[in-house]
Amino acid sequence: MTDSRTTIALRPQNLTALSATVTVPAYDRTGLTAGIMHFGVGGFHRAHQALMIDDLLNQGLAREWAICGVGVLPTDAHMRDVMHAQDGLYTLVEKHADGHLEGRVIGSIIDYMFAPDDVEAVIERMASPAVRIVSLTVTEGGYNIHPVTGAFDLANPDVAADLLPGSVPATAFGITVEALRRRRDRGITPFTVMSCDNLQNNGEVAHRTFVAFANAKDPKLAAWIDTEVAFPNCMVDRITPGTTDADRALVADTFGVTDEWPVVCEPFFQWVLQDTFTDGRPPLEESRTQLVADVEPYELMKLRLLNASHQGLCYFAHLMGYRLVHEAAGDPLIAEFLLAYMNREGTPTLKPVPGIDLEAYKAELIERFSNPSVRDTVARLCNESSDRIPKWLLPVVNDQLATGGHVELSAAIVASWARYAEGVDEQGEPIEVCDRITERVMANAAGYPADKHSFLRDRDLFGSLIDNEIFVSEYDRAMDLLHGVGARRTLEILLGHDTDAYAAPVAENLGTR
Ligand SMILES: NC(=O)c1ccc[n+]([C@@H]2O[C@H](COP(=O)([O-])OP(=O)(O)OC[C@H]3O[C@@H](n4cnc5c(N)ncnc54)[C@H](O)[C@@H]3O)[C@@H](O)[C@H]2O)c1
Ligand SMILES: O=P(O)(O)OC[C@@H](O)[C@@H](O)[C@H](O)[C@H](O)CO
């Protein structure tokens, strides 16, 4: 450990001094060109795509593929300030389960533009031939699509403002589409738009959304984007919790670096990317990225096993009193529940995944969730449920219902969300529900028990599931159990542990409610 009094500020001029305590870029950052502009420079982008570019730069490759970050939300002003102060440098710390830390300064982000400061400059840079990929990690909700129909929401006030004739664009859609228009008009090859968000068919979703936006603005431009721009699909995976003050202190104490916004993540890394680009790509085959023709089997595996299991864990875990993911995953009952969900309900809906041993993959997921060093929070997984459950879990439910498969554990996960969204835990303490539509989901949840299906009746979230007797009866059972005997016993009963012993207390509790 370094004495925190001797830490050095993360600045380009200090890299040589810092190299005594932490790995720094092995390449000269002067003369790099930003061939990629990225919307949504948060924790994940900096733990994933920016790392791959840094890996290539360290090998003397990809010097024309450095990254310029772009922020469009008011809250991105803080990232702008940090990125400008540190010249895009940051420390990435991989936290191993045995407590071992691997830290390294990443140099692949060479600029950051905050669109509200000068949106014209952002558009012009994006329109310039040097930029050949525009990538995104703007969250699942950032695509502005209806959870059930998948239609782009033109009524979103930010989108509507960007669509007004003569308006100055402010959203990722408006800026990107205007940059593409200028490229078309100037005869410059369009860049590739590469979504790296946790959405099934993320490339196709991005394709639909950008074309829908453009169509509302200029149908001819939309037709050009539709045919000329590549939108590759990809599966991305690396658990990256939000950075805490404890992480900043850890980076100072362990690596002697004063870094205002380091990134911490698990050691696991996966990126499976469709090899379809309009204007070239970095030589990612020289990195840990897998380039494939068909990403779908990998996406289904990841979203329906990992992300849906995160949802399977978080609400039950919160109700049971857990606040850290590794502590919840270390509870044998929760681990058993997640494996049962994956085996009975998630796995039957997957396609064969080339090169992957699914049994080993599922066991590894439980190990990854149980990594005590990562300190991922249950709260992070509980956020924005209305963007996550419809995209990760309900496709499993619908596929299982279509083939007569099991849905009781998925129904219980939906019920656990409904119980959580009531906003009071099993100890009577308030739950802070963080969702784009918090008021609506909480109002839906509050209908129980007078209206048993008030939560499920929201067709914008659940489609026609309310009409499916099998699903509704499993949901009802889980809701009754959750209210009657609490989250832990609900899991025990669902998993068939000593069911008879619980039958009486369940009936008793339900009877007295
Ligand atoms: N954190 C992870 O473990 C992880 C792993 C795999 C994939 N991802 C993907 O990355 C996304 C971001 O995760 P993160 O951990 O970096 O979160 P984060 O909160 O650190 O960063 C999110 C970024 O997205 C931007 N953003 C949000 N909504 C936007 C919008 N409507 N338009 C433009 N920008 C918008 C924010 O300004 C911010 O820069 C996730 O939603 C997910 O799709 C995350
Ligand atoms: O970040 P989100 O919104 O996609 O979802 C929360 C987590 O399930 C997710 O971040 C996982 O940690 C990640 O998908 C692991 O690769």
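Described in the following lines is the structure provided in the data block. (Residues numbered from 1 in each chain as written. Chains lettered and ligands numbered in written order. Predicted model: local features only at pLDDT ≥ 70, side-chain atom pairs only at ≥ 80, totals over all residues. Heavy atoms only, no water.)

**Considerations on helix 9 (residues 219–228)**
Each turn of an α-helix holds 3.6 residues, which means side chains three or four residues apart point in the same direction. Within helix 9, burial applies to Leu221, Ala222, Trp224 and Ile225. End-on view of helix 9: buried residues confined to an arc of 160°, all on one side of the axis. What points out from helix 9, more than 90 degrees from its buried face, is the exposed set Pro219, Lys220 and Thr227. Buried residues belonging to helix 9 abut helix 7 (172–186) and helix 8 (202–217). (Buried < 20%, exposed > 50% of the residue type's maximum accessible area, 1.4 Å probe, protein only. Helix = DSSP H or I, 4+ residues; strand = E, 2+ residues; numbered from the N terminus. Arc of directions from axis to C-beta. Contact = heavy atoms within 4.5 Å.)

**So, the environment of Trp224**
Positionally, Trp224 belongs in helix 9. The spacing of Trp224 and Ile366 is 142 residues in sequence and 45 Å in space, taken between C-alpha atoms. Excluding residues within four positions of it along the chain, Trp224 makes contact with Leu180, Arg184, Pro190 and Val229.

**Here we look at the site of ligand 2**
Surveying the vicinity of ligand 2 reveals 13 residues, the closest of which are Glu140, Asn198, Asp237, Lys302 and Arg388. Within the contact set of ligand 2, an oxygen atom lies 2.6 Å away from a side-chain nitrogen or oxygen of Lys302. Elements with a contribution of two residues or more to the shell around ligand 2: helix 11 (296–319), helix 15 (378–382) and helix 16 (385–403). With four residues, the single largest contributor to the shell around ligand 2 is helix 11. For the shell around ligand 2, a count of residues per class yields four nonpolar, three polar and six charged. When residues of the shell around ligand 2 are sorted by domain, at least three fall in each of domain 1 (4–292) and domain 2 (296–512). (Near = heavy atom within 4 Å. Polar contact = N/O pair within 3.5 Å; in protein donor to acceptor, adjacent residues only side chain to side chain. Nonpolar A, V, L, I, M, F, W, Y, C, P; charged D, E, K, R; others polar. Domains from an automatic or database assignment.)

**A short note on the site of ligand 1**
Ligand 1 sits among 20 residues. The nearest are Phe44, Asp76, Glu140, Asp197 and Thr240. Here a nitrogen atom of ligand 1 and a backbone polar atom of Val138 are 3.2 Å apart. In isolation ligand 1 offers 820 Å² of accessible surface; the protein chains occlude 77% of this area. Across the shell around ligand 1, the residue classes tally to seven nonpolar, eight polar and five charged. (Areas by Shrake-Rupley, 256 points an atom, 1.4 Å probe, with all protein chains shown as cover.)

**Overview of the environment of Thr137**
For Thr137, the location among the structural elements is in the loop between strand 7 (133–136) and helix 6 (157–163). Relative accessible area serves as the criterion here: at 12%, Thr137 is assigned to the buried category. For the pair Thr137 and Val41, spaced 96 residues apart in sequence, the C-alpha separation works out to 7.2 Å. The residues contacting Thr137, other than those within four sequence positions of it, are His38, Phe39, Gly40, Phe44, His45, Cys196 and Asp197. Engagement of the side chain of Thr137 in a polar contact is seen with the side chain of His38, the distance being 2.7 Å. One polar contact links the side chain of Thr137 to the main-chain carbonyl oxygen of Gly40, over a distance of 2.7 Å.

**Considering the nonpolar core**
Among the nonpolar cores identified, the biggest contains 81 residues, and Leu313 and Tyr475 are the most heavily contacted of them. The biggest single contributor to this core is helix 11, with 13 residues. Mapping this core onto the domain boundaries places at least three of its residues in each of domain 1 (4–292) and domain 2 (296–512). By size, the runner-up hydrophobic cluster in this structure holds 77 residues, among which are Met79, Ile109, Leu180 and Phe231. (Core = buried A, V, L, I, M, F, W, Y, C linked by side-chain atoms within 4.5 Å.)

**Let's talk about the layout of surface pockets**
Volume-wise, the second largest pocket comes out at about 500 Å³. Contributing to the lining of the second largest pocket are 23 residues, with Pro147, Val148, Pro390, Lys391 and Pro395 lying nearest its centre. A per-element tally of the lining of the second largest pocket places helix 16 first, with six residues. Looking at side-chain class alone, the lining of the second largest pocket contains twelve nonpolar, eight polar and three charged residues. (1 Å grid on protein atoms, 1.4 Å probe; cavity = no way out; pocket = protein on both sides within 12 Å on 5 of 7 lines; lining within 4 Å. Points joined across faces, edges and corners; volume = space filled by probe spheres on them.)

**Considerations on empty space enclosed by the protein**
This structure, assessed with the given rule, holds three cavities of 30 Å³ or more. Counted by class, the lining of the largest cavity contains four nonpolar, three polar and four charged residues.

**Considering the sheet that holds strand 4 (residues 90–95)**
Judged by pairing direction, the sheet is mixed, and its three strands sit side by side in the order 5-4-11 without closing on themselves. Looking at strand neighbours, the two that pair on one side only are strand 5 (101–106) and strand 11 (263–265), the edges of this open sheet. Here the strands of the sheet are splayed against their neighbours by 20° on average, with no regard to which way each runs. Direction of pairing for strand 4 relative to strand 5: antiparallel, over a ladder of six bridges. (Pairing = 2+ DSSP bridges. Axes fitted to C-alpha atoms, helices over the stretch in contact; angles between N-to-C directions.)

**Focus: the pairing of strand 4**
For strand 4, the tally of buried residues reaches six of six residues, placing the bulk of the element in the interior. Residues Tyr90, Leu92 and Glu94 point to one face of strand 4 and Thr91, Val93 and Lys95 to the other, with burial holding for every one of them. Following strand 4, the chain reverses through five residues before pairing antiparallel with strand 5; Gly99 in that reversal takes a positive phi of roughly 95°.

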